[in-house]
Amino acid sequence: MRIDVLTLFPGMFEGVFGASLIGKARERGIVELNTVNFREFSGNKHGTVDDAPYGGGGGMVLKPEPLFAAVEWLTAGMPEDARPRVILMCPQGETFTQRKARELAAEKHLIFICGHYEGVDERVREYLATDEISIGDYVLTGGELPAMVVIDAVVRLLPGVLGNEESAARDSFSDGLLEYPQYTRPADFRGWKVPDVLLSGHHAEIAKWRRRQSLLRTLKRRPDLLEKADLAPEERRWLAGLRSALSEERSSGRREIPPGD
Ligand code: 21W
C-alpha cells in the first residue's frame, strides 16, 4: 500500500511513521508512507494556503488550489481506474470504525488531507475528497492526529504486519465484543489472585469463562455493541437473565454478579 499525507506539519508524523509496527511495516516494504507539505503547492511566493471566509466571520479557510494541485501532482499519469481514495480528515466526517479500517486496508493507495485550526473550502469536500472521516466527537487542533489514528488502524491490518495473523481477528470490535480479562505471573500479586479457572488447565472451561467475561463486560460497559454482535441463542438467553439481574443489583445496591470489569 502507498499512503500520502497532505499536511502543513509534516514533522508531526516523523516519530509515528518511524516507530513500532508502522516502522516495521515500512522497513518490510508492506507500506510506503510519504508526507507532502501542501504549502509547496500554494502557487505564490508567500506560501499562502488560507484566506478569509466569503460572507465574513472569524477564522480562516484553506484555499482549494494548493490541495487540488498537490493531489493532481501525486496522481499525475495514473489511469482513471487506479485513482486513490482521497480522505479528508474533518470533524463533520463519518465516525471512524474498525469496519472503515478494514475497507481502507483493501486499497492500494490512500491520500489523506489534514487541515489545521481552520476549515477547508467546500469544493475540496465536493470535488476532491472521496471520503470524509472524523475520529470522534471532540475538538482537536487539526487533522494530523486523526490521520495518524486512521493510518495506524489500517496499516496493522495489512498482510504481514502483525506477527500473529490471528490477533487482528481476536481484537475487540472484530467479533463485536469487548475482550476478556487477561492475567500473567505472579498468580498472587499483593493478595490479588488470578481466577482459579485460568490455572486449572481445563481448556474448555477457560474458553467458556473468557466468552462469558467478554459478554458480561460488553453488557456492563458497551451494551450498544451487543445489538450487532454475533451471538448464539443460548448466549442471548444468558445475557437477558444477566440484564435483569444487573438492574436488580443496581437498584438494590447488592452485588450478585461477578465483577466483569
Ligand atoms: C476543529 C477544524 C474545528 C475545524 C464554521 C465552519 C479532523 C478532527 C479534525 C478543526 C474546526 C477530527 C468552522 C475529531 C477533530 C480536525 C480541527 C471548525 C471552523 N466554522 N476528528 N467551520 N475531531 N480538527 N472550523 O477535531 O481537523 S478529523
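To start, this report covers the structure provided alongside it. These figures come from a predicted structure and were not determined experimentally. (Residues numbered from 1 in each chain as written. Predicted model: local features only at pLDDT ≥ 70, side-chain atom pairs only at ≥ 80, totals over all residues. Heavy atoms only, no water.)

Structural notes on the pattern of salt bridges
Should the charged atoms of two oppositely charged side chains come close, the side chains can pair. Taken as a whole and assessed by the stated rule, the structure comprises 15 salt bridges. Here Glu65 and Lys63 are joined by a salt bridge, their closest N and O atoms 3.9 Å apart. Residue class for Glu65 comes out partly exposed when judged on its relative accessible area of 46%. Measuring nitrogen to oxygen at the nearest pair gives 2.8 Å for the salt bridge that ties Arg85 to Glu107. Residue Arg85 is located in strand E5 (residues 85-95), and its partner Glu107 is located in the loop between helix H4 (98-105) and strand E6 (109-114); the two are separated by 22 residues in the primary sequence. Several salt bridges share partner residues, and in doing so they unite Arg85, Glu94, Lys100, Glu103, Glu107 and Asp131 into one network. (Salt bridge = Lys/Arg side-chain N within 4 Å of Asp/Glu carboxyl O. Buried < 20%, exposed > 50% of the residue type's maximum accessible area, 1.4 Å probe, protein only. Helix = DSSP H or I, 4+ residues; strand = E, 2+ residues; numbered from the N terminus.)

As for the pairing of E6
The buried fraction of E6 is high, at 6 of 6 residues. Neither face of E6 is open: one carries His109, Ile111 and Ile113, the other Leu110, Phe112 and Cys114, and all of them are buried. The pairing of E5 with E6 spans 5 bridges and is parallel. Within E6, the position partnered with Ile87 by the bridge is Phe112. (Pairing = 2+ DSSP bridges.)

Digging into the packing of H4 against helix H6 (residues 144-155)
Two elements in contact, H4 and H6, have axes whose closest approach is 8 Å; the angle formed by their N-to-C orientations is 70°. The pairing of H4 with H6 is recorded here as roughly perpendicular in orientation. Considering how the two elements wind past one another, H4 and H6 form a crossing that is right-handed. Contacts between H4 and H6 pair Ala101, Leu104 and Ala105 from the former with Val150, Ala153 and Val154 from the latter. (Axes fitted to C-alpha atoms, helices over the stretch in contact; angles between N-to-C directions. Parallel < 35°, antiparallel > 145°, perpendicular 65-115°, else oblique. Left-handed = near helix turned anticlockwise from the far one by under 90°. Contact = heavy atoms within 4.5 Å.)

Brief notes about the packing of helix H9 (residues 203-221) against helix H11 (residues 233-252)
Contact geometry of H9 with H11 gives a least axis separation of 11 Å together with a crossing angle of 50°. Taken together, the axes of H9 and H11 are oblique relative to one another. The two elements H9 and H11 meet at a crossing, and its hand is right-handed. Contacts between H9 and H11 pair Arg211, Arg212, Leu215, Leu216, Leu219 and Lys220 from the former with Glu234, Glu235, Trp238, Leu239, Leu242, Arg243, Leu246 and Arg250 from the latter. Class assignment for the residues of the contact of H9 with H11 results in 7 nonpolar, no polar and 7 charged. (Nonpolar A, V, L, I, M, F, W, Y, C, P; charged D, E, K, R; others polar.)

Comments concerning the sheet that holds strand E7 (residues 119-120)
What holds strands together in a sheet is hydrogen bonding between their backbones, with the strands either parallel or antiparallel. Taken together, the 3 strands give an open sheet; going across it, the order is E3-E4-E7, and neighbouring strands pair in mixed fashion. Both outer strands of the open sheet, strand E3 (50-51) and E7, are each paired with one neighbouring strand and no more. Where strand E4 (residues 61-62) and E7 come together, 2 bridges link them in parallel fashion. Within the sheet, the bridge partner assigned to Leu62 lies in E7 and is Val120.

Focus: the site of the ligand
The environment of the ligand is formed by 15 residues, the closest being Ile135, Gly136, Tyr138, Leu140 and Gly143. Contacts to the ligand include Ser134, whose side-chain N or O atom sits 3.4 Å from a nitrogen atom. Of all the secondary structure elements, the ones that give two or more residues to the shell around the ligand are E5 and strand E8 (131-134). The element best represented in the shell around the ligand is E5, accounting for 3 residues. The residue makeup of the shell around the ligand, split by class, is 9 nonpolar, 5 polar and 1 charged. (Near = heavy atom within 4 Å. Polar contact = N/O pair within 3.5 Å; in protein donor to acceptor, adjacent residues only side chain to side chain.)

Some points on the nonpolar core
Within the largest apolar cluster, 29 residues are counted, with the highest numbers of intra-cluster contacts made by Ile3, Phe112 and Ile151. Put simply, the parts of the chain that give this core at least two residues each are strand E1 (2-7), helix H2 (20-27), E5, H4, E6 and H6. For this core, the leading source of residues is H6, giving 7 residues. Beyond its immediate sequence surroundings of up to four residues, Ile151 is in contact with Ile3, Val5, Phe17, Ile22, Leu33 and Phe112. (Core = buried A, V, L, I, M, F, W, Y, C linked by side-chain atoms within 4.5 Å.)

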